[in-house]
Amino acid sequence: MEFIIAESTEDMSRQAADRIASYVDADPSCVLGLATGTTPIGLYACLVEDCAAGKISFADVTTFNLDEYRGLDPEHDQSYRYFMKKHLFDHVDIDQARTHVPEGANPDADAVCAAYEEAIEAAGGIDLQLLGLGPNGHIGFNEPEDTFPATTHCVDLTESTIQANSRLFDSIDDVPRQAYTMGIGTIMAARSVLVVVEGSHKAEIVKKAFFGPVTPQVPASILQFHPNATVIVDPAAGELCRDLA
Ligand code: F6R
């Protein structure tokens, strides 16, 4: 695992965007796994800028997002499909038919999850998976548990995740209680993984996840076993890891 403490939050975003851009440059028809959340917004802005400047093209890229709330339409302004359109898809030359987000509006969890795994497989698997890190160590919506879930599945969100996400909804009662998410096995099967983390509120969990024991109680800790994982954190998120990195 490569662990990088960037010089600033902007530098974290730029470094991560550059890695994605060079991946796409080397393999224009690659399959990217994408994440939502606050952390990747800056790096998506960098990719939009690079695409507008003609430095990168997404024309042949296929994407699979990590997760989606169960019960939200793609048009809902808190759906992850909406987020991706707002921050990336509507501003780059990507073919939106090649962008995949679990079908949140479909309540048939088994059908949604099986179809998502099949689509990933049909695309040849994920080349580069982008991840953020939840305050409790979750990746995607894989919350602390007794085992690592293998494939795309439906999860009940924990109280802390509902709490963390409530800032984005009118009230905590509006936060969906379930989500569809890639499993840890789906994520680990990606040929490379890129994690971005920002903010001092993540400093403890960054240390635990990337320098502590590997345990399903800290789902991101499994990434220590990934053969090609890079973690880029901003100075605040990396403050407890300066002597470890
Ligand atoms: C997003 C996702 C989540 C976030 C994590 C961090 O698709 O799956 O695991 O990456 O909750 O979110 P932020 O960046 O908002 O702190």
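Keep in mind the model is a prediction, meaning the values are calculated, not measured. (Residues numbered from 1 in each chain as written. Predicted model: local features only at pLDDT ≥ 70, side-chain atom pairs only at ≥ 80, totals over all residues. Heavy atoms only, no water.)

On to the UniProt feature "domain: Glucosamine/galactosamine-6-phosphate isomerase" (unreviewed entry) in the protein chain, then. Mapped onto the present numbering, the UniProt feature "domain: Glucosamine/galactosamine-6-phosphate isomerase" (unreviewed entry) falls at residues 9–224. End C-alpha atoms of residues 9–224 are separated by 23 Å, and the span's content is 34% helix alongside 14% strand. (UniProt positions renumbered as here; feature names shortened; annotations may be inferred. Helix = DSSP H or I, 4+ residues; strand = E, 2+ residues; numbered from the N terminus.)

Turning our eyes to something else, we now look at the environment of L130. Looking at the secondary structure, you find L130 in strand β6 (residues 128–131). Overall, the relative accessible area of 1% leaves L130 in the buried class. Separated by 97 residues in the primary sequence, L130 and G33 have C-alpha atoms spaced 5.7 Å apart. (Buried < 20%, exposed > 50% of the residue type's maximum accessible area, 1.4 Å probe, protein only.)

Below, the discussion takes up the UniProt feature "active site" (unreviewed entry) in the protein chain. The positions UniProt marks with the feature "active site" (unreviewed entry) are D67, N136, H138 and E143. By secondary structure assignment, the location of D67 is in strand β4 (residues 67–69). In this structure, E143 sits in the loop between β6 and β7 (153–156). What makes E143 buried here is its relative accessible area of 5%. Once residues lying within four places of it in the same chain are set aside, the contact partners of E143 are N136, H138, L157, T158, T161, P216 and P219. A distance of 2.8 Å separates the side chain of E143 from the side chain of N136, its partner in a polar contact. (Contact = heavy atoms within 4.5 Å. Polar contact = N/O pair within 3.5 Å; in protein donor to acceptor, adjacent residues only side chain to side chain.)

With that out of the way, let us pick up the sheet that holds strand β3 (residues 62–65). Ordered by their spatial adjacency, seven strands build an open sheet running β1-β10-β9-β6-β2-β3-β5, and the pairing between neighbours is parallel. A single partner strand is all that each edge strand has here, and the edge strands are β1 (2–5) and β5 (99–100). Helix-sheet contacts for helix α7 (residues 203–211) involve β1, β9 (192–197) and β10 (229–233), and the interaxial angle to β1 is about 160°. (Pairing = 2+ DSSP bridges. Axes fitted to C-alpha atoms, helices over the stretch in contact; angles between N-to-C directions.)

The subject of this paragraph is the pattern of salt bridges. For the structure on display, the rule yields six salt bridges. Taking the shortest distance from any N to any O, the salt bridge between E49 and R14 comes out at 3.6 Å. Here E49 is found in helix α2 (residues 41–52), whereas its partner R14 is found in helix α1 (residues 9–26), with 35 residues between them in sequence. A salt bridge links R191 to D127; the shortest N-O distance between them is 2.8 Å. Here D127 lies in the loop between α4 (109–122) and β6 and R191 lies in the loop between α6 (184–188) and β9, a separation of 64 residues in the sequence. The exposure class assigned to R191 is partly exposed, which follows from its relative accessible area of 44%. (Salt bridge = Lys/Arg side-chain N within 4 Å of Asp/Glu carboxyl O.)

Sheet architecture is open: three strands sit in the order β4-β8-β7, paired in antiparallel fashion. Strands at the two margins of the open sheet, each flanked by one partner only, are β4 and β7. The sheet shows a mean angle of 25° between the axes of neighbouring strands, taken without regard to direction.

With 14 residues, α4 extends 20 Å between its outermost C-alpha atoms, agreeing within 8% with the 20 Å of an ideal straight helix rising 1.5 Å per residue. Trailing α4 by a residue or two, G124 shows a phi angle of about 95°, which is positive. (Expected span 1.5 Å × (residues − 1).)

With respect to the element layout, F210 can be found in helix α7. F210 sits in the buried class, given a relative accessible area of 3%. Sequence spacing of F210 and I222 is 12 residues, and the spatial spacing of their C-alpha atoms is 8.6 Å. If we ignore the near neighbours within four places in the chain, the residues touching F210 are M1, F3, L133, V195, A220, L223, Q224 and V231.

Tallying each qualifying case throughout the model produces seven aromatic pairs. Measuring from centroid to centroid gives 4.9 Å for Y69 and Y80, while their planes differ by 50°, and the two rings are tilted. Of this pair, Y69 sits in strand β4 while Y80 sits in helix α3 (residues 80–87), placing them 11 residues apart in sequence. Both residues of the pair, Y69 and Y80, count as buried. (Phe/Tyr/Trp six-rings, centres within 6.5 Å; stacked < 30°, edge-to-face > 60°.)

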